[in-house]
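Okay, here's what each chain looks like letter by letter:
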Amino acid sequence: MSMRPDPYKYFRVEARELLDQLVQGALSLEKGVFAPELVPKLLRLAHTLKGAARVVKQVEIAEFAHAVEEALVPLRDQAKPFSQELARHAFELLDAIEERLKHLEPPREAESEPAPRPPADELLRTVRVDIGEMDALLDGILEANTQLGSVRRALGTLERARGVADLLLAQLASPRTRGAEGQPDLGPAARTSAWAEELRAEIVALDRQLTSSADQLERELRQVRQRAEQLRLLPANAVFASLERTARDVAQTAGKRVAFETKGGEARLDAHVLATIHGALVQVVRNAVAHGIETEAERTQAGKPTAGRVLVEVARVGNRVAFRCQDDGRGVDLEAVRRAAQKKGILSKDTEHLRLDELVQLLLKGGLTTARTVSEMSGRGIGLDVVRDAASRLGAEVTLKTEAGRGSALEIVVPISLSSLDALMVEVAGMTTAIPLDAVRGAFHIRTADAARLAGADSIVYEGNALPFLPLAYPLREKVSPGHNGGPGVAVVVGTDSELAAIGVDRLVGIMNVVMRPLPRVAPVDPVVAGAALDAEGNPQIIVDPAVVVGMARRGDRPASAPEVPRAAPVLVVDDSLTTRMLEQSILESAGYQVDCAVSGEEALEKARQRQYALFLVDIEMPGMDGFTFVEQTRADPFLREIPSILVTSRSSAEDRRRGQAVGARAYIAKSEFDQAHLLRTIRTLVGNNQ
Amino acid sequence: MATLPNSSNRAEELRRAFDRAFAEPHPTKDYNTDDLLCVGVSGDPFALRMSETAGLLVDRKIVPLPSSRTEFLGVLGFRGEIVPVYDLGALLGYDERKAGRWNALVRAENTIALAFGQFEGHAHVARGDIVPAERLGNGPVYIQEVARVGTIIRPIVSIAALLEAINKRDDLPQMIKEEP
């Protein structure tokens, strides 16, 4: 498919940025913001725009930009203040530039159908990348990360190969392969030995190189991905300037005063959502100022400040984003809605006594206006139709709360497509799970003394108050891990100041910025899951909805099916022999157990302190810490003492068995008597059937 | 050099074969056959139509999610997409619930993965070897045909029917839930 050349491709982006800054600056001047550098900056912007427009032969835009310069020069020289008249003139010029820019649309592909997609909002053109391209980039990066997983697995292979080489060398060094009287045989065996040495050296070098490049690749890719994901999202405040401009224009036309405020602009959201919601918000703000806010005289009479307040707020609520527009005006005249509906024949006599919420619904249906006159700005009854249309395109809910004389609040709640948030990453039943950080109030280790009380109890003391307590494993339908001393290791306090709860997790992992994605419709999940993020390897991670968890904790909910689908903690196989590790791992995995491996007692202790295990399967003879010492140390550790250990060994003397028992091992299996069925039976007896 | 005549003969032969290849008609798709993926569920043979699948993944990490549906295993990540995973065995009425290593990707409105235990290969089957299946009692409606692959009779799982059943379930989450 061929594209016609687009001569304005870069000009559009540049002009849009310059225009946005000019509008923002003019609004500041109008509000009386005094900043000595502001006027020179605006002059520079107008001048740059003029030059750029001339280059692409947009004479009209260049002339308007020149006129903006002319209008601003007296301000720089402090010859004139920024009067209402000057403001009107400046905004007219900027509007004219905006209008000309709209006509510089990119050419469409010749063969393609007319684009059915919703009109992209002009303001959001500052996303300079094609979103499709960006998605493709993200996909590529994710897939590259997955490939990196293969490199990691290859490293595992390499490690095993190194083990084989070691074995070969050991075998060659044994007396049987040596010549008579212990003299080295310098024949074929010596050559083989030299080759094996060489093989080992090569593998060691390769191992080092691969590890280093894999580490580096992983780090680089993670950074690139984070940046790319952020690019895909826009801060909500990208739409605030134009909303403020709308409020200003409507107020000026209607002869009212308005103080426009915003909140939550730093939330980063999907550009498509912002583009679609922007048109609706313009209408909502327009309605609030035109219909809601009273004139100065009316407000003074009602005892309100002369300037009406309009607040636009963006807030994330679980897996949705709420866009709220609140005003302190007169509220919606529901009697007028009733009269308008009757006049249009929508409301019959017998439905005259509709309740307030039903009238509001009627108003949201559209086609009604309560304004007595139709003006340039409002009064045709189409405002709410625009809101309804945007809401239906985004699958959003619209609610309106209104109180006579006090004002109105219209809320559009949109399901999230993509949004980024800071999250506290925690581990629950071996899974890393994210809790949105804005809901987290604190976290503390559950003390040994608390733990016993926690086993059956549903509250815990935090800063002197008893908080409802719920192990996060319950709403996630995971088996609550026995954890340290019979309960989760850490309590995370979540919720709002008025509704707090403590949720139990196994451990804290850290704080990360994650991009939340919605779950597909065909994933029948419980409401506790707000969405998912993808980790560096492209695997999903659960993001929980704190409001749901707090609600469950406060109600004392325990899903009935929780114990029915247990997912057990893994078994830790500790053995310095690769063959034994692989053999035991494969037997246990075939029987449905999750398995982790450690090559030494020291490594096993390290792992055991980081993760919850159901059982240790330990070799006795290992370099460094032997199996007896390992068991002894776990038994002495208050966090590990309840985890059963099985000793597996080639030593089968009665003395060894006695020693095993003395250090606290629960079973003893001799390698010479090794039997798969016996091993599994023993494990089942100790930890149950974990499939 | 003695080998030269042989080499030039060989070169000539290759050149003729190359030219001949252009003169032959293009091989056309054989519309009288179907491509099947042969899979094993709890030791029983089944088949999926390749035309109904979009890919095959092995050993992907499945993240379990809390759900009231036992056949729903969780989600996996594939090319930046979050894909729900259903247990093929559970959907077919098997009691054993054990996530298989293999996942067949099915592209519908949303991509879905069907997990199964054994992948037994690809078969190119003549249409004549595929016959309608008689539905027995309350057996699953997803088996509408069976195929003879070698000496084995394999029920063909109709993915379209399976998706319809998954989508029909009324306990799928609503996009928006009311706050209590």
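Residues numbered from 1 in each chain as written. Chains lettered and ligands numbered in written order. Predicted model: local features only at pLDDT ≥ 70, side-chain atom pairs only at ≥ 80, totals over all residues. Heavy atoms only, no water.

Caption draft 1: Inspection of the overall build of chain B at higher detail. The helix and strand inventory of chain B stands at three helices and eleven strands. Reading chain B from its N end, one meets helices and strands in the order α-β-β-β-β-β-α-β-β-β-β-β-β-α. Pairs at least 24 residues apart make up 54% of the contacts formed inside chain B by residues separated by at least 6 positions. As presented, chain B carries roughly 10700 Å² of accessible surface, and 53% of it is formed by carbon and sulfur atoms. (Helix = DSSP H or I, 4+ residues; strand = E, 2+ residues; numbered from the N terminus. Contact = heavy atoms within 4.5 Å. Areas by Shrake-Rupley, 256 points an atom, 1.4 Å probe, with all protein chains shown as cover.)

Caption draft 2: Up close: the nonpolar core. With 59 residues, the main nonpolar core has Leu472 and Val492 of chain A together with Leu88, Leu114 and Val157 of chain B as its most contacted residues. Ranked by residue count, the leading element in this core is helix 3 (residues 159–168) of chain B, at five residues. For Leu472 of chain A, the residues in contact, after removing those within four places along its chain, are Val426, Val428, Thr433, Ile503, Gly504, Val505, Val544 and Val549 of chain A. Among the nonpolar cores identified, the runner-up in size contains 54 residues, and Val282, Ala290, Val360 and Ala434 of chain A belong to it. (Core = buried A, V, L, I, M, F, W, Y, C linked by side-chain atoms within 4.5 Å. Buried < 20%, exposed > 50% of the residue type's maximum accessible area, 1.4 Å probe, protein only.)

Caption draft 3: The packing of aromatic side chains, seen in detail. Residue and element names in this part refer to chain B. Tallied over the full model, the rule gives five aromatic pairs over all chains. On the numbers, 6.2 Å between centres and 85 degrees between planes, the contact of Phe46 with Tyr94 is edge-to-face. Note that Phe46 is positioned in strand 2 (residues 44–49) and Tyr94 in the loop between helix 2 (88–91) and strand 6 (102–107), a separation of 48 residues in sequence. With relative accessibility at 22%, the residue Tyr94 sits in the partly exposed group. (Phe/Tyr/Trp six-rings, centres within 6.5 Å; stacked < 30°, edge-to-face > 60°.)

Caption draft 4: Molecular detail of helix 1 (residues 9–30) of chain A. Between the first and last C-alpha of helix 1 of chain A there are 32 Å, a value that for 22 residues agrees with the 32 Å anticipated at 1.5 Å per step. Residue Gly32 of chain A follows helix 1 of chain A closely and has a positive phi angle near 85 degrees. (Expected span 1.5 Å × (residues − 1).)

Caption draft 5: Region of the structure containing the sheet that holds strand 2 (residues 258–263) of chain A. Residues and elements named next belong to chain A. Overall, mixed pairing links the five strands, which are arranged 2-4-5-7-6 in an open sheet. Each edge of the open sheet is held by one strand with a lone partner, namely strand 2 and strand 6 (397–403). Within the sheet, the average angular offset between the axes of one strand and its neighbour, ignoring direction, is 10 degrees. In the packing of helix 7 (residues 240–254) onto the sheet, the strands contacted are strand 2 and strand 4 (308–317), and the crossing angle to strand 2 comes to about 165 degrees. Along the sheet, helix 8 (residues 271–292) contacts strand 2, strand 4, strand 5 (320–327) and strand 7 (407–415); its crossing angle with strand 5, the most-contacted strand, is approximately 20 degrees. (Pairing = 2+ DSSP bridges. Axes fitted to C-alpha atoms, helices over the stretch in contact; angles between N-to-C directions.)

Caption draft 6: Looking closely at the sheet that holds strand 12 (residues 465–471) of chain A. All names here are of chain A. Spatial ordering of the open sheet is given by 10-13-14-12-11, a layout of five strands whose pairing is mixed. Both edges of this open sheet fall to strand 10 (440–445) and strand 11 (459–462), since each of them pairs with a single strand only. Across the sheet, the mean angle from the axis of one strand to that of its neighbour is 35 degrees, orientation sign disregarded. Bridge count for strand 12 against strand 14 (residues 500–505) is three bridges, and the pairing is parallel. Within strand 14, the position partnered with Leu470 by the bridge is Ile503.

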